[in-house]
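Remarks on the overall topology
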Amino acid sequence: EAWKRVQEIDRGFADLFQIIRLEEPPVPELWRILLHETRRLESKTGCRFALDALPAVVELSRRYARDRVLPGSAAGFLERLASKHGGREIGRAVALADFSSATGLRLALCDDERPLSRDESVGAMRAELIGQEGALAALADRVCLAKAGLNDPGRPLGSLLLLGPTGVGKTQSAKALANFLFGDPAQLVRFDMNEFSSYGSAALLVGSFHEPEGLLTSAVRRSPHCVLLLDEIEKAHPDIHDLLLQVLGEGRLTDALGRTTDFTNAFVLLTSNLGVKEAGARLGFGAGAAAQPAAYGKAAERFFRPELFNRLDRVVPFETLSRENMRRIADLVVGEVFAREGLARRNCVLRVEPLAMEKVIDLGYDPQLGARALKRAVERQLTLPAAASLSELKPGAPALVQLLPAPGGVSVLVRELGNAGPRAGSAATLDLANPREALGRAALAARRLSAELEAKSPPSPVGASDYGYFMAKERVARLRERLDGLLKREESAAGA
């Protein structure tokens, strides 16, 4: 692609050169080259490659670096390992851990020796995607194909069209998949196709002569292992649908500079509201909820050109959320609110009365608007009143936030928390007349508290809700350091 670009810029200059094409060497020669490279790196950096390291590097490079060829891709991987682990032994586990760290991909997916069951995939994503068993099954199927290495190597890892009304979890499913695959929702590359509905929008995605950096190609080039979400795809300009033919069919896209972006390590999810009106009309005439998936699928088949529709791996209809689903979603939404910085840094404690939560769900339950209406109800009934009360408290003061039932709705009670005084009859008081003893007992208590915090360390991956734990751990560490310093000064003074 780079040479073609040179030919386009100055054909006369390009014609001065004779082209000699170098192809990927045969397998025996390939191994000989890479073995020579490992010996060179061992001599240079003092590391030692174990026998199982090179096969792992070659397999990872062949499977996940399809935009580059061997031995170059594997040699670069070996050099990175040698520079990071100089003087140490590098085995298969080290290579896999380094690859997982560089790409964000979970070890369970890139390590063939680690099992990953379909039920495990479904269970992990079910915690974030409520009430959509069909969507969970479809996502888990594509994950299993990628894990087993049975996906088409010339296409994306999965290309799914998610259909259903607003607020049922189509976008949330992409976040759940990204969190499961990478442990980080930031690996979700999202484009709102409402912004690309006019003529010339395709040039924004792949670049143009004046703006060669395409938004889509550059984003996937930076994060080739990602979940790519194209929201409300039916609103995109038809030229963008033409681009998708290349992405979904060949797993690649060429930008304005002639550079090819590889999409074969990405999950491509398209969302759409197509068929919602038709499904609502059928439901109104008594056809039942079973008619909804068929209405979504037929509407999508009528809208998209056959060559694009046939490139999709699966069309996934989403169901309307029930009230029981809303109850579970409400718990997630309230948890997200209390993970926000303003509440987390205050160490706020939440107490929700069951009847109050039911009233919030009543106010936010709308089958037509789904979870978005519930989120607005939580913001209105809980977040805004809590913010009004917390803004009157001292900065950083811990508080108890209570959500209570009230006539016509709910009420929010916020109370500032203070340090408790000594318990009546307690013998655990410090004798300040003996500073060494007081400091020693305080340091012992701080060490005991530090050990208790270590035992309650949050599991990986760490989320925003764990902010309070790390803040407490840091404060206890500073307290221990200060107490140990004071104790040493006291002991030095006593010795003098």
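Refer to the preceding data block for the structure.
The sections below set out a description of the structure shown in this document. (Residues numbered from 1 in each chain as written. Predicted model: local features only at pLDDT ≥ 70, side-chain atom pairs only at ≥ 80, totals over all residues. Heavy atoms only, no water.)

This next bit is on the sheet that holds strand S12 (residues 409–416). A sheet is described by the order of its strands in space; here 3 strands give the open sequence S10-S11-S12, paired in mixed fashion. In this open sheet, the two edge strands, each paired with only one partner strand, are strand S10 (349–352) and S12. With direction set aside, neighbouring strand axes in the sheet form an average angle of 20°. Pairing between strand S11 (residues 399–406) and S12: 8 bridges, direction antiparallel. (Pairing = 2+ DSSP bridges. Helix = DSSP H or I, 4+ residues; strand = E, 2+ residues; numbered from the N terminus. Axes fitted to C-alpha atoms, helices over the stretch in contact; angles between N-to-C directions.)

Let's shift gears to the side chain of Ser 173. Position of Ser 173 relative to the elements: it lies in helix H10 (residues 170–182). For Ser 173, a relative accessible area of 0% puts it in the buried group. Among the polar contacts listed, one links the side chain of Ser 173 to the backbone oxygen of Lys 170, at a separation of 2.5 Å. What Ser 173 contacts, discounting residues up to four positions off in sequence, is Leu 129, Leu 139, Leu 162 and Phe 318. (Buried < 20%, exposed > 50% of the residue type's maximum accessible area, 1.4 Å probe, protein only. Polar contact = N/O pair within 3.5 Å; in protein donor to acceptor, adjacent residues only side chain to side chain. Contact = heavy atoms within 4.5 Å.)

This paragraph deals with the packing of aromatic side chains. This model, assessed by the stated rule, comprises 6 aromatic pairs. Considering the side-chain rings of Phe 13 and Phe 17, the 5.2 Å spacing of their centres and the 75° angle between planes classify their relative orientation as edge-to-face. Residue Phe 13 is classed as partly exposed on the basis of its relative accessible area of 41%. Geometrically, the ring pair formed by Phe 77 and Phe 99 is tilted, given 6.4 Å between the ring centres and 40° between the ring planes. Residue Phe 77 is located in helix H5 (residues 72–84), and its partner Phe 99 is located in helix H6 (residues 92–103); the two are separated by 22 residues in the primary sequence. You can call Phe 77 buried: its relative accessible area is 5%. (Phe/Tyr/Trp six-rings, centres within 6.5 Å; stacked < 30°, edge-to-face > 60°.)

Attention now moves to unusual backbone geometry. Working note: non-glycine residues mostly have negative phi, and peptide bonds are mostly trans. Along the chain, Leu 70 connects to Pro 71 via a cis peptide bond; the corresponding omega equals 5°. The residue Pro 71 is located in the loop between helix H4 (53–64) and H5 in this model. Unusually for a residue other than glycine, Glu 232 sits at a positive phi of about 55°. Among the structural elements, Glu 232 can be located in the loop between strand S5 (226–231) and helix H13 (238–250).

A few words on the sheet that holds strand S4 (residues 188–192). Pairing within the open sheet is parallel, and its 5 strands lie in the order S4-S5-S8-S3-S9. A strand with exactly one partner marks an edge of an open sheet, and here the two such strands are S4 and strand S9 (314–317). Geometrically, the sheet is characterised by an average inter-axis angle of 20° between neighbouring strands, direction not taken into account. As judged from the 5 bridges shared by S5 and strand S8 (residues 266–272), these two strands associate in the parallel manner. The residue bridging Leu 230 from the neighbouring strand is Leu 270, located in S8. Against the sheet, helix H9 (residues 133–148) touches strand S3 (158–163), S8 and S9, its axis set at about 150° to S9. Packed onto the sheet, H10 meets S3, S4, S5 and S8 and runs at close to 170° relative to S5.

There is a patch of like positive charges on the surface, built from Lys 175, Arg 372, Lys 375, Arg 376 and Arg 380. Position of Lys 375 relative to the elements: it lies in helix H20 (residues 371–390). (Patch = residues over 30% accessible without salt bridge, like charges linked within 9 Å, V, L, I, M, F, W, Y side chains within 5 Å. Areas by Shrake-Rupley, 256 points an atom, 1.4 Å probe, with all protein chains shown as cover. Salt bridge = Lys/Arg side-chain N within 4 Å of Asp/Glu carboxyl O. Lys, Arg positive; Asp, Glu negative; His and termini not counted. Charge placed at Lys NZ, Arg CZ, Asp CG, Glu CD.)

Looking at the element boundaries, Ser 201 is found in helix H11 (residues 201–206). Within the structure, Ser 201 has its side chain in polar contact with the backbone oxygen of Ser 198 (distance 2.7 Å). Setting aside residues up to four positions removed in sequence, Ser 201 forms contacts with Glu 195, Phe 196 and Ile 240.

Helix length check: helix H3 (residues 27–45), at 19 residues, gives a terminal C-alpha distance of 27 Å against a target of 27 Å (1.5 Å per residue), a fit within 8%. Those residues of H3 not exposed but buried are Leu 30, Leu 34, Glu 37, Thr 38, Leu 41 and Glu 42. Across the axial projection of H3, the buried residues extend over an arc of 135°, all falling on one side. Of the exposed residues in H3, those oriented more than 90 degrees away from the buried face are Pro 28, Arg 32, His 36 and Ser 43. Close packing links the buried residues of H3 with strand S1 (48–49), H4 and H5. Where H3 terminates, the next one or two residues include Gly 46, which has phi positive at roughly 80°. (Expected span 1.5 Å × (residues − 1). Arc of directions from axis to C-beta.)

By the definition in use, this model includes 2 cavities of 30 Å³ or more. If you add up the space inside the largest cavity, you get close to 140 Å³. If you go around the largest cavity, you meet 14 residues; those closest to its centre are Tyr 64, Leu 105, Ala 146, Leu 157 and Phe 267. Those elements that place two or more of their residues in the lining of the largest cavity are H4, H9 and H10. Tallied by class, residues from the lining of the largest cavity come to 8 nonpolar, 3 polar and 3 charged. Of the pockets and cavities examined, the second largest cavity occupies roughly 30 Å³. Lining of the second largest cavity is provided by Met 193, Leu 205, Leu 216, Leu 230, Ile 240, Leu 243, Leu 244 and Val 247. At 4 residues, H13 tops the list of elements feeding residues into the lining of the second largest cavity. Here the lining of the second largest cavity is built from residues that sort into 8 nonpolar, no polar and no charged. (1 Å grid on protein atoms, 1.4 Å probe; cavity = no way out; pocket = protein on both sides within 12 Å on 5 of 7 lines; lining within 4 Å. Points joined across faces, edges and corners; volume = space filled by probe spheres on them. Nonpolar A, V, L, I, M, F, W, Y, C, P; charged D, E, K, R; others polar.)

These figures come from the coordinates and say nothing about function on their own.
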